[in-house]
Amino acid sequence: MTTASPSVFLLMVNGQVESAQFPEYDDLYCKYCFVYGQDWAPTAGLEEGISQITSKSQDVRQALVWNFPIDVTFKSTNPYGWPQIVLSVYGPDVFGNDVVRGYGAVHVPFSPGRHKRTIPMFVPESTSKLQKFTSWFMGRRPEYTDPKVVAQGEGREVQPG
């Protein structure tokens, strides 16, 4: 008796991180990585990368343009844990240290075709006044040790105030 192997499907992602709007910052670079479920596996391409440093455009938009290519293929047997792309943007602070300027995540589109996504970015905040003062004094803002937590739901519950 033979057992049928589970059928798989492929998800091919190719595109680019085109640009960003960070009006108060300049000379930024971008990192990306993917977060996906247990049944997913990358089969080709890079599942993480880092861009070049870019400066603001000289036009009215003052866009930071990367045109950073992404090309990766995943395989899975079910859609649970559909891949998300996580972006982290970094740049220099007044002391010249690289600090996080924003985190964001979005699911890879579910339907084939051309898609354009705008990803809202955020930075973590210190939870106490002492931590805020210490991070200001030391010149180190709070940041995640693993940016992939941005795409996960654990620990993101709202606590009653």
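A short tour of the structure in this document, coming up. (Residues numbered from 1 in each chain as written. Predicted model: local features only at pLDDT ≥ 70, side-chain atom pairs only at ≥ 80, totals over all residues. Heavy atoms only, no water.)

1. Overview of the nonpolar core
Ranked by size, the top nonpolar core spans 23 residues in total, and within it Phe 34 and Trp 66 carry the most contacts. Where this core is concerned, the elements lending two or more residues are β1 (9-20), β2 (29-35), β5 (64-76) and β6 (84-92). Top element by residues in this core is β5. It accounts for six residues. Those residues in contact with Trp 66 that sit more than four places away from it in its chain are Val 17, Glu 18, Ser 19, Ala 20, Leu 28, Tyr 29, Cys 30, Ser 51, Gln 52, Thr 54 and Val 89. (Core = buried A, V, L, I, M, F, W, Y, C linked by side-chain atoms within 4.5 Å. Buried < 20%, exposed > 50% of the residue type's maximum accessible area, 1.4 Å probe, protein only. Helix = DSSP H or I, 4+ residues; strand = E, 2+ residues; numbered from the N terminus. Contact = heavy atoms within 4.5 Å.)

2. Some words on the sheet that holds β6
Strands sit in the order β4-β2-β6-β7 across an open sheet of four strands; the sheet is antiparallel. Each edge of the sheet is formed by a strand with only one pairing partner; in this case those strands are β4 (48-50) and β7 (98-107). For this sheet, the mean angle separating the axes of adjacent strands, direction not counted, is 15°. Note: β2 against β6, seven bridges, orientation antiparallel. Pairing of Phe 34 across the sheet is with Ile 85, part of β6. (Pairing = 2+ DSSP bridges. Axes fitted to C-alpha atoms, helices over the stretch in contact; angles between N-to-C directions.)

3. Quick word on the environment of Gln 16
Mapped onto the elements of the fold, Gln 16 is located in strand β1. Gln 16 sits in the partly exposed class, given a relative accessible area of 43%. If near-sequence neighbours (up to four positions away) are discounted, Gln 16 is found in contact with Asn 67, Phe 68, Pro 69 and Ile 70.

4. Section: unusual backbone geometry
Its identity as a non-glycine residue notwithstanding, Gln 62 has a phi of 50°, on the positive side. In this fold, Gln 62 is placed in the loop between β4 and β5. Located in the positive-phi region is Asn 67, a residue other than glycine, with phi close to 45°. For Asn 67, a relative accessible area of 40% gives the class partly exposed.

5. Topic: the environment of Phe 122
Considering the arrangement of structural elements, one finds Phe 122 in the loop between β7 and α1 (129-138). The spacing of Phe 122 and Tyr 103 is 19 residues in sequence and 5.3 Å in space, taken between C-alpha atoms. Beyond its immediate chain neighbours, meaning those up to four positions away, Phe 122 contacts Gly 102, Tyr 103, Tyr 144 and Val 150.

These figures come from the coordinates and say nothing about function on their own.
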